[in-house]
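What follows is each chain in one-letter form.
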Amino acid sequence: MRSINHSNESIFCGDELVPTLINLVTKKAPSLIVVLTDEHTKAHCYPAIAPHLRQWKTHLICIPSGESSKSITQSEALWVELSQLGADRDSLIINLGGGVITDLGGFVAATYQRGIDFLNIPTTLLGMVDAAIGGKCGVDLGPLKNQIGVITSALGIIIYPPFLNTLPQRELISGWIEMIKHGFITEQDYLKATLLFETSDLNKIESLIWASVMIKNKIVQSDSSEKGARKTLNFGHTLGHAIESYGLHTHGQNWIKHGEAIALGMALACYLSHKLYAFPEQVLNNYLWVVRKHVTFPKFDKKEITTIIDYLKYDKKNSHGAVNFVLLKAIGQEVLDAKVNSILIYEAFDFINQE
Ligand SMILES: NC(=O)c1ccc[n+]([C@@H]2O[C@H](COP(=O)([O-])OP(=O)(O)OC[C@H]3O[C@@H](n4cnc5c(N)ncnc54)[C@H](O)[C@@H]3O)[C@@H](O)[C@H]2O)c1
Ligand SMILES: [Zn+2]
């Protein structure tokens, strides 16, 4: 089992799911364990841990899958259920699922009785390389992404790659996009490795997952409150989140996945980086060539782009009313708080539309 041990958050990755889990839970000695799942992770992942939790008082909660569960309404229902179960400050929540479950479950744990411990067991690729790590958790406000939340720490994060065997291909692609993001913001070799990676080849995935975990972990540890370096992790997310919010509001939750919106957001950010900071055009074109084989970008007309630009005002990196982009001069060389004229954003959408 590979591991990174911090006083605030330990991360484990490998085949030894059960011993690692038992070890962490035994150390915690919880008064009650609440396992949070959705219907897919209840069916595909819960059976791997359920028999081993019998020695503790355990309760399973299953919520509907999908982004619409990342809401204050769902949080309140969970707070009420925890209260009715008699959960106290020694209780433990195990978040068993993708980014929706770890974002929501972490937020509920961090706020219930001013904070109880939680473990993340990410079951999607996106969760394993990104969402479950780093302590950011929260919920959406209507279609507005992640507007309510906290930065906290999980007691531990256990990454068990065999859970990916049941993950639908579209979800694998969505996670792969965040791995490509880690390449863009760090180094050429990792970008190359992720672009070459075939999501059908799950045998090779563990070492790539671990590389992404180390990248994210290093950035988060250097800037846990997101004042500086951590903003880099938002590469592609300024427009990506706006596109996701537009999609949630206009077409509902299955129209575009988080990773798919970020795939387009990164294409636009690469174009803006090229225009403003001479980011190499060839890297942009290669990225588009590879990613387009797996993700179909939606085409937006001018009115829709205006609506998307309007969503930028809710971006959490904004300050004093100005939208702050994360752009790149080159692979691994970020420009934080970049200001971008709307005309150039329309131009970027035109460029991607024409491709
Ligand atoms: N906190 C962070 O730092 C951070 C970072 C990136 C993304 N996110 C958030 O993560 C969310 C997206 O996460 P996601 O892509 O994991 O989505 P998700 O949690 O909705 O999971 C995707 C789908 O896969 C199913 N699923 C999960 N594991 C499965 C398995 N092993 N087998 C079969 N089906 C399985 C789920 O039920 C769901 O239907 C977004 O809300 C995004 O904002 C958070
Ligand atoms: Zn993301």
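Check the entry above for the structure.
What this report covers is the structure whose coordinates are included nearby. Since we're looking at a predicted model, the values are computed, not measured.

## Some points on the coordination of the zinc ion (ligand 2)
Protein coordination at the zinc ion (ligand 2) comes from Glu178 (OE), His237 (NE2) and His258 (NE2), with a distance range of 1.9 to 2.1 Å. One chain supplies every donor for the zinc ion (ligand 2), spaced along it as E-x58-H-x20-H. Residue glutamate 178 is located in helix α7 (residues 169-185), and its partner histidine 258 is located in helix α11 (residues 258-277); the two are separated by 80 residues in the primary sequence.

## What to know about the pattern of salt bridges
For the structure shown, the criterion picks out 16 salt bridges. Here glutamate 67 makes a salt bridge to lysine 145, at a shortest N to O gap of 2.8 Å. Of this pair, glutamate 67 sits in the loop between β4 (58-63) and α4 (72-85) while lysine 145 sits in strand β8 (residues 144-151); the two residues are 78 residues apart in sequence, bridging distant segments of the chain. By the burial criterion, glutamate 67 is buried, and lysine 145 matches it. Lysine 257 is paired through a salt bridge with glutamate 171; the nearest N and O atoms lie 2.9 Å apart. Placement of lysine 257 in the loop between α10 (237-251) and α11 and of glutamate 171 in helix α7 is noted, with a sequence separation of 86 residues between them. Looking at lysine 257, the relative accessible area reads 17%, which means it is buried.

## Thoughts on the site of ligand 1
What surrounds ligand 1 is a group of 28 residues, the closest being Asp38, Glu67, Thr124, Lys145 and Thr166. A distance of 2.8 Å is found between an oxygen atom of ligand 1 and a side-chain nitrogen or oxygen belonging to lysine 70. The separation between a nitrogen atom of ligand 1 and a polar main-chain atom of lysine 136 is 2.8 Å. Protein contacts shield 92% of the accessible area of ligand 1, which totals 870 Å² for the unbound molecule. Among the secondary structure elements, those contributing two or more residues to the shell around ligand 1 are α2 (39-44), α5 (99-111), α6 (125-131), β8 and α7. Residue composition of the shell around ligand 1, grouped by class: 7 nonpolar, 11 polar and 10 charged. The residue makeup of the shell around ligand 1 includes at least three contributed by each of domain 1 (2-166) and domain 2 (169-354).

## Some remarks on the sheet that holds strand β9 (residues 156-159)
The strands making up a sheet are joined through hydrogen bonds of the backbone, oriented either antiparallel or parallel. Spatially, β1-β2-β9-β6-β5-β3-β4 is the arrangement adopted by the 7 strands of the open sheet, whose pairing is mixed. Because the sheet does not close on itself, it has two edges, and the strands there are β1 (2-4) and β4. Taken pair by pair, the neighbouring strands of this sheet meet at an average axis angle of 15°, ignoring direction. By the bridge criterion, 3 bridges tie β1 to strand β2 (residues 10-13) in an arrangement that is antiparallel. From the neighbouring strand, isoleucine 4 faces β2, where its bridge partner is isoleucine 11. Its contacts with the sheet place helix α9 (residues 205-222) against β1, β2 and β9, and it is angled at close to 5° to β1.

## Describing empty space enclosed by the protein
All told, the structure shown has 4 cavities of 30 Å³ or more when counted by the stated rule. By volume, the largest cavity amounts to about 110 Å³. What lines the largest cavity is simply Leu144, Lys145, Gln147, Thr238, His241, Ala242, Ser245, Tyr311, Leu312, Tyr314, Asp315 and Lys316. Among the elements of the structure, β8 and α10 are those that each provide at least two residues to the lining of the largest cavity. With 4 residues, the single largest contributor to the lining of the largest cavity is α10.

## Overview of the packing of aromatic side chains
A complete count under the given rule lists 10 aromatic pairs for this structure. Here the aromatic residues Phe184, Phe235, Phe279 and Tyr287 are joined through ring pairs into a cluster of three or more. The positively charged end of lysine 293 is found above the aromatic ring belonging to tryptophan 289, 4.1 Å away from the centroid. Here the guanidinium or amino end of lysine 302 rests over the ring plane of tyrosine 346, the centre of that ring lying 5.1 Å away.

## Looking at the nonpolar core
Counting 122 residues, the largest nonpolar core has Ile180, Phe184 and Ile209 as the members making the most contacts within it. A total of 11 residues in this core trace back to one element, the largest contributor, which is α11. Those residues within four positions of phenylalanine 184 in sequence are excluded, and the remaining contacts are Leu191, Phe235, Met266, Cys270, Phe279, Val283, Tyr287, Leu328, Ile331 and Gly332.

Parameters at a glance
- Throughout this document, residue positions are counted from 1 along each chain, in the order its sequence is written.
- Lettering of chains starts at A and numbering of ligands starts at 1, both following the order in which they are written.
- Per-residue local features are limited, in this predicted model, to residues with pLDDT of at least 70; the limit for side-chain atom pairs, both in listing and counting, is 80 or more; totals at the level of whole chains, interfaces and linings are taken over all residues.
- Side-chain metrics rest on all non-hydrogen atoms present in the structure, leaving aside hydrogens and water.
- The donor set covers N, O and S atoms within 2.8 Å of the metal, switching to 3.2 Å for Na, K and Ca, and it leaves out water, so a site may look short of donors.
- Under the DSSP-based scheme used, a helix requires at least four consecutive residues in state H or I and a strand at least two consecutive residues in state E, with every element numbered from the N terminus.
- A carboxyl oxygen of Asp or Glu within 4 Å of a side-chain nitrogen of Lys or Arg is what we treat as a salt bridge.
- Burial classes: relative accessible area under 20% of the type maximum marks a residue as buried, over 50% as exposed, and values in between as partly exposed (1.4 Å probe, protein chains only).
- Residue proximity to a molecule or strand is established when one non-hydrogen atom of the residue lies within 4 Å of it.
- Between N or O atoms, a polar contact is any pair within 3.5 Å; within protein, one atom must be a potential hydrogen donor and the other a potential acceptor, and residues adjacent in sequence are included only when both atoms are from side chains.
- Computed with the Shrake-Rupley method and a 1.4 Å probe, the accessible areas treat only the protein chains shown as cover for residues.
- Throughout this entry, Asp, Glu, Lys and Arg are counted as charged residues, while Ala, Val, Leu, Ile, Met, Phe, Trp, Tyr, Cys and Pro are counted as nonpolar. The remaining residues, Gly among them, count as polar.
- For each domain, the first and last residues come from an automatic or database assignment.
- Pairing between strands is defined by DSSP: at least two bridges between them are needed.
- Fitted lines through C-alpha atoms give the axes, limited to the stretch in contact for helices. The angle between two N-to-C directions lies from 0 to 180 degrees.
- Working rule for contacts: check all heavy atoms of both residues, and any pair within 4.5 Å makes them a contact.
- Here a cavity denotes a set of grid points, spaced 1 Å apart and computed over the protein atoms alone, in which a 1.4 Å probe fits but from which it cannot get out, and a pocket denotes an open set meeting protein on both sides within 12 Å along at least five of seven lines; residues with an atom within 4 Å of a point are reported as lining.
- Grid points are joined across faces, edges and corners, and a volume is the space filled by probe spheres set on the points.
- Only the six-membered ring of Trp is used, alongside the rings of Phe and Tyr, when aromatic pairs are assigned; centres must lie within 6.5 Å, and planes under 30 degrees apart are stacked while those over 60 apart are edge-to-face, with the rest tilted.
- Criterion for a charge above a ring: Lys NZ or Arg CZ within 6 Å of the ring centre, and within 35 degrees of the ring normal.
- Nine residue types can take part in a nonpolar core, namely buried Ala, Val, Leu, Ile, Met, Phe, Trp, Tyr and Cys, and a core is a set of them joined through side-chain atoms within 4.5 Å.

Bear in mind that shape data such as this cannot, by itself, settle questions of function.
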